[in-house]
Amino acid sequence: MTEQRPVTQTYAVTGMTCEHCVRAVTGELSALPGVEEVRVDLAAGTATVTSVGPLPVESVRAAVDEAGCELAGGVA
């Protein structure tokens, strides 16, 4: 049996303008099943997500939308 390695993906996120946006995006992405860590960079407009496996981009898009921002074309 092989051990599954964490997957880290960085997504481009538009619409983040302040720390409140960062907290909202972090919270929504952290709630996705399998997510271990979320790092949001306001200046770069990115969210880096580490999870136990690849996340469906539709799930990531829905979480970012729920936070009031927009996923800009998937993985950055």
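Residues numbered from 1 in each chain as written. Predicted model: local features only at pLDDT ≥ 70, side-chain atom pairs only at ≥ 80, totals over all residues. Heavy atoms only, no water.

I keep staring at the side chain of Thr 48 and nothing clicks. Help me out?
Looking at the element boundaries, Thr 48 is found in strand S3 (residues 46-51). Of the residues examined, Thr 48 reaches a relative accessible area of 11% and is grouped as buried. Polar side-chain contacts of Thr 48 include one of 3.0 Å to the side chain of Thr 10. Not counting residues within four places of it along the chain, the set of residues in contact with Thr 48 comprises Thr 8, Gln 9, Thr 10, Glu 37, Val 38 and Arg 39. (Helix = DSSP H or I, 4+ residues; strand = E, 2+ residues; numbered from the N terminus. Buried < 20%, exposed > 50% of the residue type's maximum accessible area, 1.4 Å probe, protein only. Polar contact = N/O pair within 3.5 Å; in protein donor to acceptor, adjacent residues only side chain to side chain. Contact = heavy atoms within 4.5 Å.)

Help me understand helix H2 (residues 57-66), please; the structure alone is not making it clear to me.
Every α-helical turn comprises 3.6 residues, leaving residues that sit three or four positions apart pointing alike. Three or more residues of H2 are buried, namely Val 60, Ala 63 and Val 64. End-on view of H2: buried residues confined to an arc of 95 degrees, all on one side of the axis. Those residues of H2 that are exposed and aimed more than 90 degrees away from the buried face are Glu 58 and Glu 66. Within two residues after H2, Gly 68 carries a phi angle of roughly 90 degrees, on the positive side. (Arc of directions from axis to C-beta.)

Could you clarify how one ought to interpret the pairing of S3 in this entry?
The two faces of the sheet receive side chains in turn, since in a regular strand these alternate between them. Counting buried positions over the 6 residues of S3 gives 6, a clear majority of the element. Judged by which residues are buried, S3 turns out to be covered on both faces: Thr 46, Thr 48 and Thr 50 on one side and Ala 47, Val 49 and Ser 51 on the other are all buried. Direction of pairing for strand S2 (residues 35-41) relative to S3: antiparallel, over a ladder of 6 bridges. Residue Val 40 lies in a different strand from S3, and its bridge partner there is Ala 47. (Pairing = 2+ DSSP bridges.)

Explain the nonpolar core to me, please; I cannot follow it from the model alone.
If you look at soluble globular proteins, the nonpolar side chains tend to sit buried side by side. Ranked by internal contacts, the top residues of the largest apolar core, which has 20 residues, are Val 25, Leu 29 and Val 60. Secondary structure elements with two or more residues in this core: strand S1 (7-14), helix H1 (19-30), S2, S3 and H2. Broken down by element, this core gets its largest block of residues, 4 residues, from H1. Each residue touching Val 25, except ones within four places of it in the same chain, is listed here: Met 16, Val 40, Ala 47, Ala 67 and Cys 69. (Core = buried A, V, L, I, M, F, W, Y, C linked by side-chain atoms within 4.5 Å.)

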